[in-house]
Each structure stands twice: as C-alpha cells, then as structure tokens.
Amino acid sequence: MSPDIHATATIAETAAVIGDVTIGGGAYVDHGVVIESGGPPVEIAAEAIVFAGSVIRAVGGRGRPAFPVRIGTRTLVSPLSALTGCAVGRHCYLATGAIVLQGAAVGDRSRIGAGAIVHAGTVLPEETRIGMRHIAAPTRDGYLSTADVEQARKLAGADFFDIAFATTEADQGRLHDQVMAALLAEVHGWRDVSAEPPQWPRAAETVARNPSR
C-alpha cells in the first residue's frame, strides 16, 4: 500500500512516509522523520506535529501480534521520539526522546517527559503525567511510574517479549532465535511503498505561503 496524505498536511523534504499511513489535514512531519507501516496501519490525525528525527512504526501481523499506530488530533511528538505499535490520544505532549512501545495507550491531554518510556501494554488514563526519564509500566491495578528501572522490572505486570512476540521463552538463546525468525519472515514480506516526494506539500512551500513564520 502507499500513503494517504491530506493536501493540507506538510511533509519535510527528508521525511520518509512508507506503507499504509494516513496523515490528516494540517499535520506537520519534520525533517528526518520516519513513519512506516510494517503491515498494520498508521494514522496521524489532523494538526498533529511530529518533529525532527522521530520514528513511528506499526509492526507485526504476520508471525507475531499486530500493533497499529494512532496519534490523535493536535498531539505533539517532540524530536528523536520513538513510537511503535501504540495509541496516543488527542492534545498530548511527548517531550524529546520519549519512547512508547507496543500495545501501550496514552490518554488524551497527557504529558510524557523527556526520555521517558511508556512500556509495552501500559494504559495511561487521560491527563496522565510521566516525569522526565521515568518508566511507566503496567501493573495488575493499572500502571506505575518510576525512575527506578529495577523497580519497574520487578513490579511490571507484563513482559515485552510476551506482548510484542507472543513468546514466554525463558532461555535467552532460544528467545533470540524465535524473535529473529519472526522478524526475518516479517521484513522480507514487506511490499509497501513510500509516498512520491514530488507530490508532498513541502515545508519550504508552507513558509513561502506564510512569510511571517
């Protein structure tokens, strides 16, 4: 599949938009951004902003669970963030270097601090705040937010590989072999294409139309 980009969205010259990706009206995708569907869809809603160097990927759906991506209206994804197979609500603020993993959901009007990680399977309610370099991880009662990696690991109610690859293999060697086999089968099956750059509304064109910027 090829991307569906609204005529009023602006895509920077060096951004890459690949596969089953929909970008809504008035959205902005900055330089060096990669938005890629590895099968499941990616939806960037109207007037969302994705700043430089961020990577947004929908993954799975062949040899592992499928995780689409949705980013809500007027949500800001700051530079160098990584979003994989997750849902981010409307009017959210993700600071520089934020990471949101498979199956995670960030509620409307939430704020994720610089360098914070929203772990796989974590569900954050509306208006949640996760501090700088904190980890939000799922628990049986909801979620915890902590700057202590070991605490997050001990208390978290879900394992990344169980969520992302549907495996509970305990042996590290066999786990790696299973993960690599699933990924190799997946990536060699990709046939999606990127948007044609000449058809994209360009950042430079937007500035020309709005010289006051």
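So, the overall build of the protein chain
For the protein chain, the helix and strand inventory stands at 4 helices and 22 strands. Across the 213 residues in the protein chain, those meeting the buried criterion constitute 43%. Partitioning the contacts of the protein chain with sequence separation of at least 6, the portion at a separation of at least 24 is 27%.

Considerations on the sheet that holds strand 3 (residues 16-18)
Reading across the sheet, the 8 strands line up as 3-6-9-12-15-18-21-22 and stay open at both edges, with mixed pairing between neighbours. The strands lining the two open edges of the sheet, one partner per strand, are strand 3 and strand 22 (142-146). Of the strand pairs in this sheet, strand 12 (residues 82-84) and strand 15 (residues 99-100) are connected by 2 bridges, and their pairing is parallel. Each bridged residue has a counterpart across the sheet, and for Leu-83 the counterpart in strand 15 is Val-100.

Observations regarding a nonpolar patch on the surface
A surface patch of nonpolar side chains, about 220 Å² in accessible area, is lined by Met-180, Leu-184 and Val-187. By the element assignment, Leu-184 lies in helix 3 (residues 172-187).

Things to note about the nonpolar core
Counting 35 residues, the largest nonpolar core has Ile-23, Ile-35, Ile-56, Leu-83 and Ile-112 as its most contacted members. Elements with a contribution of two residues or more to this core: strand 4 (21-23), strand 7 (42-44), strand 9 (55-58) and strand 10 (69-71). When residues no more than four places from it in sequence are discounted, the contact partners of Leu-83 are Val-55, Ile-56, Arg-57, Ile-71, Val-77, Val-88, Leu-94 and Val-100.

Quick look at the confidence of the model for the protein chain
Residues with a pLDDT of 70 or more make up 88% of the protein chain, whose mean pLDDT is 89. Contacts of residues 204-213 to residues separated by more than four positions or lying in other chains number 4 contacts, the stretch itself having pLDDT below 50.

Here we look at helix 3
For helix 3, which comprises 16 residues, the first-to-last C-alpha distance of 22 Å matches the rise-based estimate of 22 Å (1.5 Å per residue) to within 8%. Within helix 3, the full set of buried residues consists of Leu-175, Val-179, Ala-182 and Glu-186. All buried residues of helix 3 lie within an arc of 65° about the axis, which places them on one face of the element. Turned more than 90 degrees away from the buried face of helix 3 sit Asp-177 and Ala-185, all of them exposed.

Focus: the side chain of Ser-78
Examined against the element boundaries, Ser-78 turns out to sit in the loop between strand 11 (76-77) and strand 12. Not counting residues up to four positions away in its chain, the partners in contact with Ser-78 are Phe-51, Ser-54, Tyr-93, Leu-94, Ala-95 and Thr-96.

Parameters at a glance
Residues numbered from 1 in each chain as written. Predicted model: local features only at pLDDT ≥ 70, side-chain atom pairs only at ≥ 80, totals over all residues. Heavy atoms only, no water. Helix = DSSP H or I, 4+ residues; strand = E, 2+ residues; numbered from the N terminus. Buried < 20%, exposed > 50% of the residue type's maximum accessible area, 1.4 Å probe, protein only. Contact = heavy atoms within 4.5 Å. Pairing = 2+ DSSP bridges. Patch = residues over 30% accessible without salt bridge, like charges linked within 9 Å, V, L, I, M, F, W, Y side chains within 5 Å. Areas by Shrake-Rupley, 256 points an atom, 1.4 Å probe, with all protein chains shown as cover. Salt bridge = Lys/Arg side-chain N within 4 Å of Asp/Glu carboxyl O. Core = buried A, V, L, I, M, F, W, Y, C linked by side-chain atoms within 4.5 Å. pLDDT = per-residue confidence, 0-100. Expected span 1.5 Å × (residues − 1). Arc of directions from axis to C-beta.

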